Amino acid sequence: MLLVLLLVYFINHETERSSEYGAEEHSSPLISPNFFIMTKLLEWLLGVSLVAVAWGLVTFDLLGLQLPAVYKEVAWPMPVYLLVVFGCYSLATVGYRVAMFNDCEEAARELKAQIQEAKEDLKKKGLKM
Amino acid sequence: MASRKSNKKTPAEADKYSVLLPTYNERENLPLIVWLLVKYFGESGYNYEIIVIDDGSPDGTLQIAEQLQKIYGKDKIVLRPRAKKLGLGTAYVHGIKHATGNFIIIMDADLSHHPKFIPQFIEKQKEGGYDLVSGTRYRGDGGVYGWDLRRKLISRGANFITQVLLRPGASDLTGSFRLYKKEVLERLVERCVSKGYVFQMEMIVRARQLGYTVGEVPISFVDRVYGESKLGGNEIVSFLKGLLTLFATT
Ligand SMILES: Nc1nc2c(ncn2[C@@H]2O[C@H](COP(=O)(O)OP(=O)(O)O)[C@@H](O)[C@H]2O)c(=O)[nH]1
Ligand SMILES: [Mg+2]
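Residues numbered from 1 in each chain as written. Chains lettered and ligands numbered in written order. Predicted model: local features only at pLDDT ≥ 70, side-chain atom pairs only at ≥ 80, totals over all residues. Heavy atoms only, no water.

- As annotated in an unreviewed UniProt entry, chain B carries the name Dolichol-phosphate mannosyltransferase subunit 1 and comes from Hemibagrus wyckioides.
- On record in UniProt, under Subunit (unreviewed entry), the comment for chain B is "Component of the dolichol-phosphate mannose (DPM) synthase complex."
- Here is the UniProt Sequence similarities (unreviewed entry) comment for chain B, exactly as written: "Belongs to the glycosyltransferase 2 family." (UniProt positions renumbered as here; feature names shortened; annotations may be inferred.)

- You'll find chain A entered in an unreviewed UniProt entry as Dolichol-phosphate mannosyltransferase subunit 3, with Hemibagrus wyckioides given as the organism.
- The record held by UniProt for chain A lists under Pathway (unreviewed entry) the comment "Protein modification; protein glycosylation."
- Chain A has a UniProt comment under Function (unreviewed entry) that states "Stabilizer subunit of the dolichol-phosphate mannose (DPM) synthase complex; tethers catalytic subunit to the ER."

Have a look at this one:
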């Protein structure tokens, strides 16, 4: 179910990472905002329903294609798998980023020293607190 | 000679940067931030002005600002006070109206945004011709100081959810240390409806929606030493509300 969304997300994520602090082009050029506002909510709904339809077609063989039983077996628990995979990916990513969050000790030290310097200089310049 | 020189200004020399400093009870921080701004602008040689928008702080921030104006001059320190606390969003609108620069820098006056990054913002802007340059705590050498594990987790978690839902193409949505082209900021402010915390997020999301380009500079965010944060309250709830609103409307 989340396959498309994941794909879209990963693709976006990758372009974002590779752009080296620069700007990548404005995303979602599919539909111009001037004509119709494709909100993020609608994008998600569209993505989810597309995957849901694909999943339904295979799992319940809605088109009567007589697909091999293997297809069905693989397909029906897919939504749960994907959810679990996405959940794990999310936890791992957030965990990793929390662990890697820079502690700017040096910046704090520098600021402290500068505050001292600033106070003395401002006093000299006649600032009364 | 002098007149020929002033007529033949290169575009770089013509650029002027207006720094908007909204203050509410920042009497300890204001002189320090101004001193740092003067220092770094002086060293890098860019043309600038500092616009202090004080909302009638009971601690006498405005009196301090007046003293600073005497020290550094009326052309550098511009005072645009308002009688009472009317909020951060309208403080920016008020400041923009009085800004004479063609670029505007928005930052907090509480020393959590260090002026040393401003020259980097400016170089980044020139390098890519960006409409907006945003400081980011979440990339490269960017980071924070004075945050415990809980705060880091909330911050990273909220950022992850936002990235998944909105795919905004910028890594730091809630930070408010940014440089804008003046006309871009005017257009954005006009369109943004959110209040408080979500305002910063909406600005960058709408910037993307309107096709503006965004550059990013990693910054270190050192939690305020003096005074209290005024935005406190129930930040998480208002953040989620704002996020969902943007999710449904942008
Ligand atoms: N003029 C004005 N400035 C404000 C107001 N509220 C907050 N500020 C200033 O906006 C900046 C950010 O506020 P702060 O309390 O540090 O928010 P936080 O960094 O999210 O905790 C600081 O420079 C404050 O002094 C307000 O109502 N009016
Ligand atoms: Mg602050």
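**Considerations on the interface of chain B and chain A**
Here's step 1: Each partner contributes residues to the interface: chain B has 56 residues there, and chain A has 49 residues.
Here's step 2: Taken over both partners, the interface formed by chain B and chain A buries close to 4800 Å², and the fraction arising from carbon and sulfur atoms is 63%.
Here's step 3: For the chain B face of the interface with chain A, the top three residues by lost area are Trp35, Phe160 and Arg167 of chain B, together amounting to 17%.
Here's step 4: Inspection of the region where chain B meets chain A yields three salt bridges.
Here's step 5: Among the salt bridges present, the one from Lys152 of chain B reaches Asp103 of chain A, with a minimum N-O distance of 3.1 Å.
Here's step 6: The tally of links between chain B and chain A comes to 16 residue pairs in polar contact (both at pLDDT 80 or more).
Here's step 7: Of all the secondary structure elements, the ones that give two or more residues to the side of chain B that touches chain A are helix 3 (29-44), helix 4 (61-72), strand 6 (143-145), helix 7 (149-166), helix 9 (197-209), strand 8 (214-218), strand 9 (220-222) and helix 10 (235-249) of chain B.
Here's step 8: Here the element with the most residues in the side of chain B that touches chain A is helix 7 of chain B; it accounts for 11 residues.
Here's step 9: The residue inventory of the side of chain B that touches chain A, partitioned by class, reads 27 nonpolar, 16 polar and 13 charged.
Here's step 10: Relative to strand 6 of chain B, strand 1 (residues 102-103) of chain A is paired through two bridges, and the arrangement is parallel. (Contact = heavy atoms within 4.5 Å. Buried area = accessible area lost by both parts, 1.4 Å probe. Salt bridge = Lys/Arg side-chain N within 4 Å of Asp/Glu carboxyl O. Polar contact = N/O pair within 3.5 Å; in protein donor to acceptor, adjacent residues only side chain to side chain. Helix = DSSP H or I, 4+ residues; strand = E, 2+ residues; numbered from the N terminus. Nonpolar A, V, L, I, M, F, W, Y, C, P; charged D, E, K, R; others polar. Pairing = 2+ DSSP bridges.)

**Digging into the sheet that holds strand 8 of chain B**
All names here are of chain B.
Here's step 1: Taken together, seven strands build an open sheet; the order of strands is 3-2-1-4-7-5-8 and the sheet is mixed. Looking along the sheet, the strands with just one partner apiece sit at the ends: strand 3 (77-79) and strand 8. Geometrically, the sheet is characterised by an average inter-axis angle of 25 degrees between neighbouring strands, direction not taken into account.
Here's step 2: The pairing of strand 5 (residues 132-136) with strand 7 (residues 178-181) spans three bridges and is classified as antiparallel. Bridging across to strand 7, Val133 finds its partner in Leu179.
Here's step 3: Sheet contacts for helix 8 (residues 182-191): strand 4 (103-106), strand 5 and strand 7; angle to strand 7, the most-contacted strand, approximately 100 degrees. (Axes fitted to C-alpha atoms, helices over the stretch in contact; angles between N-to-C directions.)

**Examining the nonpolar core**
Here's step 1: Ranked by size, the top nonpolar core spans 48 residues in total, and within it Leu21, Ile33, Val34, Leu37, Phe41 and Ile50 of chain B carry the most contacts.
Here's step 2: Mapped by element, the contributors of at least two residues to this core are helix 5 (105-124) of chain A together with strand 1 (16-23), helix 3, strand 2 (47-54), helix 4, strand 3, strand 4 and helix 6 (118-128) of chain B.
Here's step 3: Looking at this core element by element, the count peaks at 10 residues for helix 3 of chain B.
Here's step 4: Among residues more than four places away in sequence, those in contact with Val34 of chain B are Leu21, Ile50, Leu68, Tyr72 and Ile77 of chain B. (Core = buried A, V, L, I, M, F, W, Y, C linked by side-chain atoms within 4.5 Å. Buried < 20%, exposed > 50% of the residue type's maximum accessible area, 1.4 Å probe, protein only.)

**Examining the environment of Leu62 of chain A**
All names here are of chain A.
Here's step 1: The residue Leu62 is located in the loop between helix 2 (40-59) and helix 3 (69-75) in this model.
Here's step 2: For Leu62, a relative accessible area of 58% translates into the label exposed.
Here's step 3: With 34 residues separating them in the primary sequence, Leu62 and Tyr96 have C-alpha atoms 42 Å apart.
Here's step 4: Every residue in contact with Leu62, bar those within four places of it in the chain, is listed here: Gly56 and Leu57.

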